[in-house]
Amino acid sequence: YATLVDAGASVLCVHGRTKRQNKQFSSAADWDAIAAVKSAFPDLPVVGNGGVASFRDALDLLTRVDAVMSAELLLDNPALFSNRSVPQRDLAREYLDLADECAGDVGEARAHLFK
């Protein structure tokens, strides 16, 4: 803990999967392991990540940590943390509009649209 804080860490993000549980061999994230890290570092904010497949999952994980992070699922449903469903067509249009406005090249957005 002291090493993390001494190095300047002000928050810790923990992914609840091992190195071997990559995309090809993915399995359930270990939220108990994430909670154990939070217990070990009670004064350091801990963000839990991994296995968040729904709004309910986000709320459940939030009972163990200070914040929740998700990646892949948010590409599919950016409104996940708001607990509302937004039609993907509407999201795609909004995303392309933002990409056009901010980046100037909507081609850079292509990978995210086909997740």
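Provided above is the structure to which this section pertains.
Residues numbered from 1 in each chain as written. Predicted model: local features only at pLDDT ≥ 70, side-chain atom pairs only at ≥ 80, totals over all residues. Heavy atoms only, no water.

**Q** Please clarify how the pattern of salt bridges should be interpreted in this entry.
**A** Here the idea is simple: oppositely charged side chains can pair when their charged atoms come close. What the rule picks out here adds up to 3 salt bridges. Taking the shortest distance from any N to any O, the salt bridge between lysine 38 and aspartate 66 comes out at 2.7 Å. Residue lysine 38 is found in helix H2 (residues 31-40), and its partner aspartate 66 is found in the loop between helix H3 (55-62) and strand E3 (67-69); the two are separated by 28 residues along the sequence. On the accessibility criterion, lysine 38 (15% relative accessible area) is buried. (Salt bridge = Lys/Arg side-chain N within 4 Å of Asp/Glu carboxyl O. Helix = DSSP H or I, 4+ residues; strand = E, 2+ residues; numbered from the N terminus. Buried < 20%, exposed > 50% of the residue type's maximum accessible area, 1.4 Å probe, protein only.)

**Q** What am I meant to see in the nonpolar core here?
**A** If you look at soluble globular proteins, the nonpolar side chains tend to sit buried side by side. Among the nonpolar cores identified, the biggest contains 14 residues, and Leu12, Trp31, Ile34, Val52, Leu61, Val65 and Val68 are the most heavily contacted of them. The set of elements that each furnish at least two residues to this core consists of strand E1 (12-15), H2 and H3. Other than its neighbours up to four places away in sequence, leucine 12 contacts Leu4, Val37, Phe41, Leu44, Pro45, Val46 and Val47. (Core = buried A, V, L, I, M, F, W, Y, C linked by side-chain atoms within 4.5 Å. Contact = heavy atoms within 4.5 Å.)

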